[in-house]
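Observations on the three-dimensional arrangement
Spelled out, the chains give:
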Amino acid sequence: EPAAPPVAQPAKPPFASYVAGTGIIEASSENIAVGSPVGGIVTKVHVKIGDVVQAGDVLFEIDDRDLRAMRLPAAARVKEAEANLARSRVLLKLAESVPDKRAISAEDLSNRRSAVAIDEATLEAAKAQVEQIDVELDRRQVRALVPGQILQVKTRPGEFAAAGVMATPLMLLGNNDKLHVRVDIDENDAWRFAKGADAVAFVRGNPELETKLRFVRTEPYVVPKVSLTGMSSERVDTRVLQVIYSFDEGALPVYVGQQMDVFIQAPPMEARPSVPAASVSPGAAS
């Protein structure tokens, strides 16, 4: 039977000689996987998919009832330390204001001064404990560190949010004012890539939708290939050079995470000169 036609015609290379690669659309800030510095139950989610946030906005909150319970006695100890310090200062002031210095011993005066110093240190320690609890309370409010748009939300009130890096991030944040394309170039073609070469990206499913790309940077480290096509003949042990390009957001109807076919102009592959075999003298063989 004749082969079935493809669902969508593939894009035609616009250059006679080129390097091709698969491109993944991402935010200009890269896709930031938002996590929690501490594990706990999520009590409130302040954002939804598509919301634009600024740096410092609260994204979601972790249960902090244990810390609030600790803060109450800590704040009470601060008031107690302040009262003790005020009393010690009054006693010291009375001792220092005695007209006749023989009416109070030098040891008693020294003890009162030491009591003031001890109460000052006690007050500072109590305040430091309250500040430490306040810092921990602030850590339970996960905030955006950069402005951007919420691309994905994978946490809800009542769910447990684990601390650290997760396979599925709790939220995905990115600055999509300008979109980038991360192109994977096979390591076998990396030597043909040139930074200033023209590059064109095509939308998969409609080769009529294309846009020119602007070079941004090259990742200096060659990484294992992770953008797989699913073909049975595809090698998964290939390493790729990742090149970042940019294009105007309104140029194409595309979204972050979408794949594109990218062609980069490159010099033609010339035949490599064969290396002549080393001549062996008759007497060298043993």
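Let us look at the structure shown here. Everything quoted here is computed from the prediction, not taken from an experiment.

What counts, and at which threshold
- Residues numbered from 1 in each chain as written.
- Predicted model: local features only at pLDDT ≥ 70, side-chain atom pairs only at ≥ 80, totals over all residues.
- Heavy atoms only, no water.
- Helix = DSSP H or I, 4+ residues; strand = E, 2+ residues; numbered from the N terminus.
- Contact = heavy atoms within 4.5 Å.
- Areas by Shrake-Rupley, 256 points an atom, 1.4 Å probe, with all protein chains shown as cover.
- Pairing = 2+ DSSP bridges.
- Salt bridge = Lys/Arg side-chain N within 4 Å of Asp/Glu carboxyl O.
- Buried < 20%, exposed > 50% of the residue type's maximum accessible area, 1.4 Å probe, protein only.
- Phe/Tyr/Trp six-rings, centres within 6.5 Å; stacked < 30°, edge-to-face > 60°.
- Expected span 1.5 Å × (residues − 1).
- Core = buried A, V, L, I, M, F, W, Y, C linked by side-chain atoms within 4.5 Å.
- Axes fitted to C-alpha atoms, helices over the stretch in contact; angles between N-to-C directions.
- Parallel < 35°, antiparallel > 145°, perpendicular 65-115°, else oblique.
- Left-handed = near helix turned anticlockwise from the far one by under 90°.

Turning to the overall build of the protein, a few remarks are in order. The helix and strand tally for the protein stands at 2 helices and 16 strands. Excluding contacts between residues fewer than 6 apart, the proportion of contacts in the protein whose partners are at least 24 apart in sequence is 79%. Accessible surface for the protein amounts to roughly 18,100 Å². Of this, 55% is attributable to carbon and sulfur atoms.

The next point concerns the sheet that holds strand β9 (residues 171-174). Ordered by their spatial adjacency, 4 strands build an open sheet running β2-β9-β7-β4, and the pairing between neighbours is antiparallel. Single-partner strands in this sheet number two, and they are β2 (32-34) and β4 (52-53). As paired strands, β2 and β9 are joined by 3 bridges and run antiparallel to one another. If you follow V34 over to β9, its bridge partner there is M171.

Okay, the pattern of salt bridges next. All chains considered together, the criterion is met by 17 salt bridges. One salt bridge connects E219 with R217, and the closest N-O pair in it is separated by 3.4 Å. In this structure R217 comes out as partly exposed when scored by relative accessible area, which is 28%. Overlapping salt bridges bring together E26, E30, R182, R217 and E219 as one network.

What follows covers the sheet that holds strand β3 (residues 40-45). An order of β6-β5-β3-β8 is seen for the 4 strands of this open sheet, with the pairing classed as antiparallel. Strands at the two margins of the open sheet, each flanked by one partner only, are β6 (141-143) and β8 (160-161). Bridging between β3 and strand β5 (residues 58-62) involves 3 bridges; their strand directions are antiparallel. By the bridge assignment for β5, V45 is matched with F60.

Here we take up the packing of aromatic side chains. In total, this model carries 4 aromatic pairs according to the counting rule given. Ring geometry for F202 and F263: centres 5.8 Å apart, planes at 75°, overall edge-to-face. With F202 in strand β11 (residues 199-203) and F263 in strand β16 (residues 259-265), this pair connects stretches of sequence that are 61 residues apart. When its relative accessible area of 4% is taken as the criterion, F202 is described as buried. In this structure F263 comes out as buried when scored by relative accessible area, which is 8%. Aromatic pair F215 and Y245: ring centres 6.0 Å apart, planes at 75°, arrangement edge-to-face.

In this model, E30 sits at a positive phi of 70°, which is unusual for a non-glycine residue. By relative accessible area, E30 is classed as partly exposed at 31%.

What follows covers helix α1 (residues 65-96). Given a rise of 1.5 Å per residue, 32 residues ought to cover 46 Å, and the 47 Å separating the end C-alpha atoms of α1 matches this to within 8%. Along α1, the residues that are buried comprise L67, A74, V78, A81, L85, S88, L92 and A95.

Bringing the nonpolar core into the picture now. With 22 residues, the main nonpolar core has V181, I185, L213, Y245 and I264 as its most contacted residues. Among the secondary structure elements, those contributing two or more residues to this core are β1 (18-27), β10 (179-186), β11, β15 (239-247) and β16. The contact partners of L213, leaving out residues within four places of it in the chain, are V181, A199, V200, A201, Y245, S246, F247 and V262.

All right, on to the packing of α1 against helix α2 (residues 106-139) then. Where α1 contacts α2, the axes come no closer than 8 Å and their chain directions differ by 160°. When the axis of α1 is compared with that of α2, the two are roughly antiparallel. Of the two elements, α1 crosses α2, and the hand of that crossing is left-handed.

Let's shift gears to the environment of M171. Mapped onto the fold, M171 is located in strand β9. Expressed as a C-alpha distance, the spacing of M171 and L59, which sit 112 residues apart in the sequence, is 8.7 Å. When sequence neighbours within four positions are dropped, the list of residues in contact with M171 reads I32, A33, V34, V45, V47, L59, F60, Q152, V153 and T155.

Of the two faces of β9, the one carrying M171 and L173 and the one carrying L172 and G174 are both buried. In this structure, strand β7 (residues 148-153) lies alongside β9, joined through 4 bridges in antiparallel fashion. In the strand pairing of β9, Q152 is matched with L172.

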